[in-house]
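One letter stands for each residue in the lines below.
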Amino acid sequence: VTLFINWAVKPFSMAFLGWLFIGQLFAPYLPAEQISSYIAGLIILAAAPCTAMVFVWSNLSDGEPHFTLSQVAVNDVIMIFAFAPIVGLLLGLSAITVPWDTLFLSVVLYILVPVIIAQVLRKRLLAAGGDAALQSALQRLGPVSLVALLATLVLLFGFQGEQILRQPLIIVLLAVPILIQVYFNSGLAYLLNRHFGVAHCVAAPSALIGASNFFELAVATAIVLFGFESGAALATVVGVLVEVPVMLSVVKIVNRSKAWYERGAASRGG
């Protein structure tokens, strides 16, 4: 269910929502020369499933940690091969020119290289000092990674702050398809898992993984493809802006509906 939502539903539903809201309904209120770029940013945002914050969402919803870890690992592998083709396909269908070499370079730099470095470092630590050495390194890297994430967010909003403050209406309009997409995909994953009788501790992270986005990759790719001041970069930053509060609301929904979910899942499972 999670993989189906991430790769067969989310990118395509966002492309449709981007076309419907940004390209049609909201077009009179947006700068005409940036409409295609806004849609491109939304597509890039939806084509990258989250691989970090979902551990937080899963923990908040009492999700099964091994399931969450396995889904993140599988999504990482799929992203290496599927992110560029899906983005290229959907941008092409939206009549947006795609520099394929730059798109593939983004995949190599922001997905493949970090994964390779992590695996090499892990093997060396295990060979040198076993699991104790690995855990010690992870404990030291934990605060560093958190500071790096916060610094990334501060820089993103710092560089885009002028645009955000200058164009509040555009920010609100861009947030509409993102909000619909998050609730639609999380709801669909949640209902499908209930239909199949899946345990709530698996369904909750499944819904959350299916709804959240790898915004660091999306922002970096949008900037590389379209430029720092582009509508695509702004659209991905709006995704960052709404990610935390919206995902926390999804966590609250799946937690409060646990009894309802388990009644339906039990009847299906039986």
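Bear in mind the structure is a predicted one, so any value in this text is a computation, not a measurement.

A short note on unusual backbone geometry
The backbone of Asp-62 sits at a positive phi, close to 55°, despite the residue not being glycine. Along the polypeptide, Asp-62 turns up in the loop between helix 3 (54-60) and helix 4 (65-93).

Thoughts on the nonpolar core
If you look at the biggest cluster of nonpolar residues, it comprises 78 residues, and the most contacted ones within it are Ile-22, Leu-30, Met-79, Phe-83, Leu-174 and Ile-178. When residues in this core are grouped by element, the largest group, 12 residues, is from helix 9 (residues 231-256).

As for the side chain of Gln-71
Position of Gln-71 among the secondary structure elements: in helix 4. Residue classification places Gln-71 among the buried positions, given a relative accessible area of 12%. Gln-71 has contacts with Thr-2, Leu-3 and Ile-209, leaving out every residue within four places of it along the chain.

Structural notes on a nonpolar patch on the surface
A cluster of nonpolar side chains, Leu-105, Val-108, Leu-109, Tyr-110, Val-113, Ile-117 and Val-224, forms an exposed patch at the surface whose accessible area comes to about 540 Å². Top element by residues in the nonpolar patch is helix 5 (residues 100-166). It accounts for six residues. Summarising the element assignment, Tyr-110 is placed in helix 5. A relative accessible area of 31% means that Tyr-110 is categorised as partly exposed.

Points about the environment of Arg-268
Within the secondary structure layout, Arg-268 lies in helix 10 (residues 258-269). Taking relative accessible area as the criterion, Arg-268 reaches 52% and is therefore assigned exposed. Here the alpha-carbon distance between Arg-268 and Arg-194, two residues 74 residues apart in the chain, equals 7.7 Å. Every residue in contact with Arg-268, bar those within four places of it in the chain, is listed here: Arg-194, His-195 and Gly-197.

A look at the packing of helix 6 (residues 168-195) against helix 9
Each packed pair of helices is defined by two parameters, the angle between the axes and the distance between the axes. Put simply, helix 6 and helix 9 touch, their axes get as near as 9 Å, and they point 40° apart. On the basis of the axis angle, helix 6 is oblique to helix 9. Regarding helix 6 and helix 9, the two cross each other, and that crossing is right-handed. Residues Ile-170, Ile-171, Leu-174, Ala-175, Ile-178, Leu-179, Val-182, Tyr-183, Ser-186 and Tyr-190 of helix 6 form the contact with helix 9, whose own contacting residues are Leu-234, Ala-235, Val-238, Gly-239, Leu-241, Val-242, Val-246, Met-247, Ser-249, Val-250, Ile-253 and Val-254. Residues of the contact of helix 6 with helix 9, tallied by class, amount to 19 nonpolar, three polar and no charged.

Conventions used here
- Residues numbered from 1 in each chain as written.
- Predicted model: local features only at pLDDT ≥ 70, side-chain atom pairs only at ≥ 80, totals over all residues.
- Heavy atoms only, no water.
- Helix = DSSP H or I, 4+ residues; strand = E, 2+ residues; numbered from the N terminus.
- Core = buried A, V, L, I, M, F, W, Y, C linked by side-chain atoms within 4.5 Å.
- Buried < 20%, exposed > 50% of the residue type's maximum accessible area, 1.4 Å probe, protein only.
- Contact = heavy atoms within 4.5 Å.
- Patch = residues over 30% accessible without salt bridge, like charges linked within 9 Å, V, L, I, M, F, W, Y side chains within 5 Å.
- Areas by Shrake-Rupley, 256 points an atom, 1.4 Å probe, with all protein chains shown as cover.
- Salt bridge = Lys/Arg side-chain N within 4 Å of Asp/Glu carboxyl O.
- Axes fitted to C-alpha atoms, helices over the stretch in contact; angles between N-to-C directions.
- Parallel < 35°, antiparallel > 145°, perpendicular 65-115°, else oblique.
- Left-handed = near helix turned anticlockwise from the far one by under 90°.
- Nonpolar A, V, L, I, M, F, W, Y, C, P; charged D, E, K, R; others polar.

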